[in-house]
Amino acid sequence: MNILILGSGGREHSLAWAVLQNPKCDKLIVAPGNAGIAAIADCASLDINDGPEVVGFVDENNIDFVIIGPEAPLAAGVADDLRAAGILVFGPSKAAAALEASKAFTKEICAAAKAPTAAYGHFNDAASAHAYLAQHPAPIVIKADGLAAGKGVIIAQTDAEAAAAVDTMFDGTFGQAGAEVVIEEFMEGEEASFFVLCDGATVLPIGTAQDHKRVGDGDTGPNTGGMGAYSPAPVLTDAIAERALDEIIRPTMAEMAKRGTPYQGVLYAGLMIKDGAPRLVEYNARFGDPECQVLMMRLGAQAFDLLHAAAESRLGEMRVNWAEDHAVTVVMAARGYPGAYEKGSPITGLDRLPEDSSHMVFHAGTAEQDGQIVSAGGRVLNVTVRGDSLADAQAKAYRLVEAIDWPGGFYRRDIGWRALS
Ligand code: AMP
Ligand code: GLY
């Protein structure tokens, strides 16, 4: 098969790496890709949020199957355009991707599906939001309704912070994403991510992970897109995973099907776990980045068969073959991230590292300049390793990290600490 992956981050590098291990893949193109992806697949420059342009590219290049990585093309309806053109695609329709693109929509679906989640209110103007705050003291969570690149959530510890957050949302800081606001009960507990594939009817769990969102060791400093992850997440025990499927995920998928907008693709459920009970924090309509990297490291070549079966509505016949393994990914980021950072700083030592089914340096934001790999983003490399235990995988991952010579970068030294402590 000829396969096209849309996206350019570490997530897409790991998807490409897994797909290429499967003998069913004859040719792989990634658009737009990055310097690491270019070393293993063809890269094409393409506006991946433009449905007709993607459809045209697929026709010209005899692509049989398209895998959509990031949320932006999903929210733009690129999966719909591909399906309308009769092209096989992995990724939800625009209507189904609203589970990520609109927090108010997700809350409404949860209510209809009786899925446990935080109590909430939904507002279109500052006055009614302030009136709600008067009844609901801090700590409380203020969220822009739409996609805000992970920045549209403010956890207010005091009533004054909550009021200021509401004003920030409605003054246009988050653009269209903040024109509607959701205010939510603050949930305590431990967070974990649960990944399931859906084909509109069948739900198939493909792994758990935990991310590290803060920039600094010990979960300190500002939020980022994610500084590292590991899989599995021990806090998400089999019993809790079963409850999450029964109480949250399957009822959500059934509600989407009932409304005539069945969900097909990967559903990433962010869960808050307390006293053995899961509650939904959020859905994403795509793989997490960097959570995808640890899932792909563990699934290997079968990942392609699973995604393909989801796209063809054959998940009912699939099984996931688990090894008793653990994977860790450490993100190396440009100094200054998540604030201002420089691009173009040289990275050396990569060619001396082992790259095999248990060790990969996935590229997130890199470019090639005169034969040299340089940084080209905030999150730059994802050093990903598999081991017999989490401690083993962590130790091996940091050995690789230390072998990389990149004075312009930094990383957290404690990825996995929650599960190891
Ligand atoms: P979201 O974009 O909805 O995932 O929110 C980003 C992060 O904010 C989550 O990963 C949680 O760590 C935190 N968060 C969001 N909603 C809540 C909530 N209701 N209670 C506690 N923490 C939350
Ligand atoms: N790592 C968090 C996310 O992909 O949303």
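My aim in this report is to walk through the structure given alongside it, one point at a time. Each chain has its residues counted from 1, running along the sequence as written. Chain A is the first chain written and ligand 1 is the first ligand written, with later ones labelled in order. It should be noted that, the model being predicted, local features are given only for residues of pLDDT at least 70 and side-chain atom pairs only at 80 or more, the latter also being counted only at that level, while totals for whole chains, interfaces and linings use all residues. Remark: hydrogens and water are excluded; side-chain values derive from all non-hydrogen atoms of the structure.

### Here we look at helix H9 (residues 159–170)
Okay, so step 1: A rise of 1.5 Å per residue sets the reference length of H9, with its 12 residues, at 16 Å; its end C-alpha atoms lie 17 Å apart and thus fit the reference within 8%.
Okay, so step 2: Against helix H8 (126–135), strand S7 (140–144), strand S8 (153–156) and strand S9 (181–185) lie the buried residues of H9. Numbering goes from the N terminus for both helices and strands, where a helix is a DSSP run of H or I of at least four residues and a strand is a run of E of at least two. Here, expected helix span is obtained from the residue count minus one, scaled by 1.5 Å. Every residue pair with non-hydrogen atoms within 4.5 Å of one another is taken to be in contact.

### A few points about the sheet that holds strand S3 (residues 42–43)
Okay, so step 1: Ordered in space as S3-S2-S1-S4-S5, the five strands form an open sheet in which the pairing is parallel. On the outer flanks of this sheet lie S3 and strand S5 (88–90), each paired with one strand and no other.
Okay, so step 2: Relative to S3, strand S2 (residues 27–32) runs parallel, the two sharing two bridges. Bridged to Val30 within S3 is Cys43.
Okay, so step 3: Here, axes are lines fitted to C-alpha atoms. For helices the fit covers the stretch in contact, and angles between N-to-C directions go from 0 to 180 degrees. Helix-sheet contacts for helix H3 (residues 51–60) involve strand S1 (2–7), S2 and strand S4 (65–68), and the interaxial angle to S1 is about 155 degrees.
Okay, so step 4: Set on the sheet, helix H12 (residues 302–311) makes contact with S1, S4 and S5; between it and S5 the angle comes to about 115 degrees. In this description, strands pair whenever DSSP reports at least two bridges between them.

### Focus on the sheet that holds strand S6 (residues 120–123)
Okay, so step 1: Taken together, four strands build an open sheet; the order of strands is S6-S9-S7-S8 and the sheet is antiparallel. A strand with exactly one partner marks an edge of an open sheet, and here the two such strands are S6 and S8. Strand-to-strand twist across the sheet, computed as the mean angle between neighbouring axes with direction ignored, equals 20 degrees.
Okay, so step 2: The pairing of S6 with S9 spans four bridges and is antiparallel. Counted as the bridge partner of His122 is Val182 from S9.
Okay, so step 3: H8 contacts S6, S7 and S9 of the sheet and is inclined by roughly 160 degrees relative to S6.
Okay, so step 4: Strand contacts of H9: S6, S7, S8 and S9, with the helix running at about 5 degrees to S7, the strand carrying the most contacts.

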